[in-house]
Amino acid sequence: MFLRLLRAPLTWVAVAVLAAGAAFGLWWFQPWKLVTDTEVDDDLAVVATAAPPSAADTGPSGPATTAPAGPVIVRSGEFVTHEHDTTGTARIVRTADGRLRLELVGLDTSNGPDLRVWLTDQPVREGTAGWRVFDDGRWVELGRLKGNRGDQAYDIPADLTLDDLTSVSIWCKRFAVSFGAAPLTPA
């Protein structure tokens, strides 16, 4: 009976369909990413911190205000967990030459298929209410997430205005869900 079943063309068609379905399922869900990590160690900007004015800095009209010579943090925020546990800090840094870049400091999230870094105009909401909101409004993709752990930097296009882009999301494009997001508040 078993040998007769193996010789039947319908059996081989069923086996081929099951194998193709399993291969597609593995490609689509990429379950091994749940147990693997990719560590990134990009060079981050050493940002200037404003020192309190000294007596020498005080002129007739009060304390002197001078812009720091090096990179400065323009906006920053802490990550909030959405679909997967996510921690770390997001900050937008203006470099000494005036360019903007997004830096993810100490990022720790799950690995996943098709993860992207998005700047968005949507507010960051905690819990499941914030999982799927970031593609509802305006968003700008800065690139694929380089890794799910560590420090990483992404250039922000020079022609991009940040006026209404108030958050960053680690967005799973394949399943249209946020792994985690951070509000970007002025520094």
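Treat the numbers as computed from the prediction; the structure is a model and nothing was measured.

Engineer: Quick rundown of the sheet that holds strand β9 (residues 139–144)? Include the residues and the values.
Structural biologist: The strand order across the open sheet built from five strands is β5-β12-β11-β8-β9, with neighbouring strands paired in antiparallel fashion. Of all strands in the sheet, those with a lone pairing partner are β5 (80–81) and β9, marking the two edges. With two bridges connecting them, β5 and strand β12 (residues 177–183) associate as antiparallel partners. Its bridge partner being in β12, Thr 81 is matched across the sheet by Gly 180.

Engineer: Describe the pattern of salt bridges, listing the residues and the values that go with them.
Structural biologist: In total, this model carries eleven salt bridges according to the counting rule given. The shortest N-O distance in the salt bridge between Asp 108 and Arg 149 comes to 2.8 Å. Taken as a pair, Asp 108 in strand β7 (residues 100–108) and Arg 149 in strand β10 (residues 149–155) lie far apart in primary sequence, 41 residues in all. Looking at Asp 108, the relative accessible area reads 29%, which means it is partly exposed. Put simply, Arg 116 and Glu 141 hold a salt bridge, and the shortest N to O gap is 2.7 Å. Of this pair, Arg 116 sits in strand β8 (residues 115–120) while Glu 141 sits in strand β9, placing them 25 residues apart in sequence. Given the relative accessible area of 11%, Arg 116 is considered buried. Residue classification places Glu 141 among the partly exposed residues on the basis of a relative accessible area of 28%.

Engineer: Can you explain the sheet that holds β10? Please cite residues and give values.
Structural biologist: Taken together, six strands build an open sheet; the order of strands is β1-β10-β7-β6-β4-β13 and the sheet is mixed. Bordering the open sheet on either side are β1 (39–41) and β13 (185–186), each of which pairs with just one other strand. In this structure, strand β6 (residues 87–94) lies alongside β7, joined through seven bridges in antiparallel fashion. Within β7, the residue paired with Ile 92 across the bridge is Leu 102.

Engineer: An account of the packing of aromatic side chains is needed here, citing residue identities and associated values.
Structural biologist: Following the criterion strictly, the structure yields three aromatic pairs and no others. For the ring pair Trp 118 and Trp 139, a centre distance of 3.8 Å and an interplane angle of 5 degrees mean the geometry is stacked. Note that Trp 118 is positioned in strand β8 and Trp 139 in strand β9, a separation of 21 residues in sequence. Looking at Trp 118, the relative accessible area reads 2%, which means it is buried. Trp 139 sits in the partly exposed class, given a relative accessible area of 34%. Summarising the aromatic geometry, the rings of Trp 118 and Trp 171 are spaced 4.8 Å apart at their centres and angled 20 degrees between planes, so their arrangement reads as stacked. With a gap of 53 residues between them, Trp 118 in strand β8 and Trp 171 in strand β11 (residues 167–172) connect regions that are remote in the sequence. On the accessibility criterion, Trp 171 (2% relative accessible area) is buried.

Engineer: I'd like to hear about the nonpolar core, residue by residue, with values.
Structural biologist: Membership of the largest hydrophobic core comes to 25 residues, with the highest contact counts inside it found for Leu 102, Leu 104, Val 117, Leu 119, Ile 156 and Val 168. Top contributing element to this core by residue count: β7, with four residues. Excluding residues that lie within four positions of it along the chain, Val 117 makes contacts with Leu 102, Leu 104, Val 140, Glu 141, Leu 142, Gly 143, Leu 145, Tyr 154, Val 168, Ser 169 and Ile 170. With five residues, the next largest nonpolar core counts Trp 118, Val 133, Phe 134 and Trp 171 among its residues.

Conventions we followed
Residues numbered from 1 in each chain as written. Predicted model: local features only at pLDDT ≥ 70, side-chain atom pairs only at ≥ 80, totals over all residues. Heavy atoms only, no water. Pairing = 2+ DSSP bridges. Helix = DSSP H or I, 4+ residues; strand = E, 2+ residues; numbered from the N terminus. Salt bridge = Lys/Arg side-chain N within 4 Å of Asp/Glu carboxyl O. Buried < 20%, exposed > 50% of the residue type's maximum accessible area, 1.4 Å probe, protein only. Phe/Tyr/Trp six-rings, centres within 6.5 Å; stacked < 30°, edge-to-face > 60°. Core = buried A, V, L, I, M, F, W, Y, C linked by side-chain atoms within 4.5 Å. Contact = heavy atoms within 4.5 Å.

Spatial relationships are all this shows, so hold off on functional conclusions.
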